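# Structural overview for review
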Amino acid sequence: MMVLTRPLAALGAVVLSALATIGHVTLFALATFRHIVTPPYYVREYLHALVHVGYLSLPVVGLTAVFTGGALALQIFAGGSRYGAEEVVPQIVALGVVRELGPVMVGLMMAARVTSSIAAEIATMKVTEQIDALVTLSTDPMKYLTAPRVFAGLVTVPLLVAVGDTLGIFGGWFVSMNTLDFNPSTYLKNTVDFLETPDIVSSLVKGAAFGGIATLMGCYFGMNSGRGAQGVGRATKTSVVAAAVLILAANFLLTQAFFAT
Amino acid sequence: MISLDGVHKAFGSKEILRGVDLNVARGESCVIIGGSGTGKSVTLKCVLGLITPDSGTIKVDGEDITATGDRDAFLARFGMLFQGAALFDSLPVWQNVAFRLLRGSLKRPKAEAKEIAIEKLRRVGMGPDVADLFPAELSGGMQKRVGLARAIAADPEIIFFDEPTTGLDPIMAGVINELIREIVTEMGATALTITHDMTSVRAIADKVAMLHRGKIRWHGPVSEMDTAEDPYLHQFITGSSEGPIETLR
């Protein structure tokens, strides 16, 4: 009998643990949003987070977007030429970058760069008792550490997505102009004419959602880190994996919400 | 001033505190001694509210800490020196010291806060030249002094010291012990220290409490510690491997 019930018990334990984690993350997110909308505000921490999450992510977002846009143009040209539809390159690059690749690439870059650094920093603060020190100094760690970072993710990542979308289209335009013999101004005109407001809105909404997820995961796993170097390492790894998976899942749900007819 | 009554705390199935009873009078320097894992740090964190006890009551000036309405005002009465100093890496030394003076209910103008921070640094034997350094640029002993300056920055009524000499060479440990004794005396503060460094105990304590297996085993004046008949206390202060306290070999 034990042979039969043991796998079920193990499965039940995993499900319960997953549900408990979902509950904890949800409560953590609600507490974070409450701290974002209620004073006091630590202005210096907010500015620091805006710079760290937003401004300093520009190079990696820009480079990723340019190369991805260029590669996308080459692929669409190669695919389109099989059906004599090479001229759709500008439209498909624009649609692909703005609706999907721009936000997803930026989101994943955030998970790699921002989630990991937030989780490692907060986890290190936890194991060296800096979080306890904050509490004894009458400072709520959620308000001082989490709220500024998640706010920065919500505000700056849509802007980064806008930059990524623009540079992704530029990458496609540059490759099309130099290697695929497209007319530069016609390419840009086709791009602008084809894009519609919902495409851009969906891109920015995805940016805000992915920025929120990336920063929230870094803060949650950092705050709940285990002890020692191993605890910090595990918190960092888990936060990045959780952020990446949640970003891709949220992307599917948001695409369905915006474009499924 | 601080009283613990039947405080219990377990983490999962592991019982750490099994009914701690302890009273610390105003202006008294009490040192809790005991082996590793006996619950010294947990006791301290329970008083500060960093850990919630499973049962029992903790009162400060007769007021139950769980019933304290204004948490900010409650914590403003405390200063704490952490074992590893717990300085904030991202802030320069003076902002670490003046952390409480730069935000919250005790907020002062920046220039005044810096002035106080430099004065507190001077009190712990550090010059103004370290004020703009970052914690990573300091040695362990210097970090501990900065931690001490931060603990006394807002002139607290109660100061906690968590293993104040751990990781320091004997001379620096002696300097920190002297500083703690001087500061506690001149401020008239109530001090609660946890340590297993017996030199520290003799330098800092008015009263000593020995924690063993989650309970206060012995509590009395430091002057009576050496003549006490408790075999557990005797084994601990003499550092003997023979006695009732189990040791792993």
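Above this note sits the structure.
### Quick look at the overall build of chain B
Within chain B, the regular secondary structure consists of eight helices and 10 strands. Its C-alpha atoms give chain B a radius of gyration of 18 Å, near enough to 18 Å, the size a compact globule of 249 residues would have. Principal-axis analysis of the C-alpha atoms gives chain B an extent of 55 × 45 × 35 Å. Within chain B, counting contacts between residues at least 6 apart in sequence, those at least 24 apart form 65% of the total. When the accessible surface of chain B is summed, it comes to about 10,800 Å², and 50% of that surface belongs to carbon and sulfur atoms.

### Some points on the interface of chain B and chain A
Across the boundary between the two partners, chain B contributes 21 residues, which contact 15 residues of chain A. Of the roughly 1,600 Å² buried at the junction of chain B and chain A (both faces included), carbon and sulfur atoms supply 59%. Linking chain B to chain A there are two salt bridges. The salt bridge involving D132 of chain A is made with K45 of chain B; its shortest N-O contact spans 3.2 Å. At the boundary of chain B with chain A, the tally comes to six residue pairs in polar contact (both at pLDDT 80 or more). If you list the elements that add at least two residues to the side of chain B that touches chain A, you get α1 (40–48) and α2 (71–75) of chain B. Here the side of chain B that touches chain A is built from residues that sort into 10 nonpolar, four polar and seven charged.

### Digging into the packing of helix α1 (residues 2–37) of chain A against helix α8 (residues 197–223) of chain A
Residue and element names in this part refer to chain A. Running from amino to carboxyl end, α1 crosses α8 at an angle of 110°, the nearest separation of the two axes being 11 Å. Relative to α8, the element α1 is oriented roughly perpendicular. Relative to α8, α1 is oriented so that their crossing is right-handed. Facing α1, whose interface residues are T21, H24, V25, F28, A29 and T32, α8 presents L216, M217, C219, Y220 and M223. When grouped by side-chain class, the residues that make up the contact of α1 with α8 number eight nonpolar, three polar and no charged.

### Digging into the packing of aromatic side chains
Counted under the stated rule, the structure contains 14 aromatic pairs over all chains. When the ring of Y41 of chain A is compared with that of Y46 of chain A, the centres are 6.1 Å apart and the planes differ by 80°; the resulting orientation is edge-to-face. On the basis of relative accessible area, Y41 of chain A is assigned to the partly exposed category, the value being 41%. Put simply, the rings of Y42 and Y144 of chain A together with F88 and F99 of chain B pair up and form one aromatic cluster. One residue, R99 of chain A, lies across the ring of F259 of chain A, its end atom 3.7 Å from the ring centre. R150 of chain B extends its terminal NZ or CZ atom over the ring of F88 of chain B, reaching a point 4.9 Å from the ring centre.

### Some remarks on the packing of helix α4 (residues 89–127) of chain A against helix α6 (residues 141–179) of chain A
Residue and element names in this part refer to chain A. Interaxial distance between α4 and α6 falls to 7 Å at its minimum, and their mutual angle equals 145°. Once α4 is placed against α6, the crossing between them reads as right-handed. When grouped by side-chain class, the residues that make up the contact of α4 with α6 number 16 nonpolar, five polar and three charged.

### Considering helix α9 (residues 228–259) of chain A
Residues and elements named next belong to chain A. Over its 32 residues, α9 extends 46 Å from the first C-alpha to the last, a length consistent with the 46 Å expected when each residue adds 1.5 Å. Those residues of α9 that fall on the buried side of the exposure criterion are G231, V232, A235, T236, S239, A242, A243, A244, I247, A250, N251 and L254. Contacts from the buried residues of α9 go to α4 and α8.

### Structural notes on the sheet that holds strand β1 (residues 2–11) of chain B
All names here are of chain B. Strand order across the open sheet formed by four strands is β2-β1-β4-β5, with antiparallel pairing between neighbours. Looking at which strands have only one partner, the edges of the open sheet turn out to be β2 (14–24) and β5 (63–64). Looking at chain direction, β1 and β2 are connected through eight bridges and run antiparallel. Looking at β2, one finds that L4 is bridged to L22. This element, α1, spans β1, β2 and β4 (55–60) of the sheet and lies at about 115° to β1.

### Description of the nonpolar core
By size, the foremost hydrophobic cluster in this structure holds 80 residues, and its most contacted members are M110 and L145 of chain A together with I2, L4, F78, F88 and F160 of chain B. Core analysis: the next-biggest nonpolar cluster, separate from the first, contains 53 residues, L87, M172, I180 and V184 of chain B among them.

Basis of the calculations
- Residues numbered from 1 in each chain as written.
- Chains lettered and ligands numbered in written order.
- Predicted model: local features only at pLDDT ≥ 70, side-chain atom pairs only at ≥ 80, totals over all residues.
- Heavy atoms only, no water.
- Helix = DSSP H or I, 4+ residues; strand = E, 2+ residues; numbered from the N terminus.
- Rg over C-alpha atoms; globule rule 2.2 N^0.38 Å.
- Contact = heavy atoms within 4.5 Å.
- Areas by Shrake-Rupley, 256 points an atom, 1.4 Å probe, with all protein chains shown as cover.
- Buried area = accessible area lost by both parts, 1.4 Å probe.
- Salt bridge = Lys/Arg side-chain N within 4 Å of Asp/Glu carboxyl O.
- Polar contact = N/O pair within 3.5 Å; in protein donor to acceptor, adjacent residues only side chain to side chain.
- Nonpolar A, V, L, I, M, F, W, Y, C, P; charged D, E, K, R; others polar.
- Axes fitted to C-alpha atoms, helices over the stretch in contact; angles between N-to-C directions.
- Parallel < 35°, antiparallel > 145°, perpendicular 65-115°, else oblique.
- Left-handed = near helix turned anticlockwise from the far one by under 90°.
- Phe/Tyr/Trp six-rings, centres within 6.5 Å; stacked < 30°, edge-to-face > 60°.
- Buried < 20%, exposed > 50% of the residue type's maximum accessible area, 1.4 Å probe, protein only.
- Lys NZ or Arg CZ within 6 Å of the ring centre and 35° of its normal.
- Expected span 1.5 Å × (residues − 1).
- Pairing = 2+ DSSP bridges.
- Core = buried A, V, L, I, M, F, W, Y, C linked by side-chain atoms within 4.5 Å.

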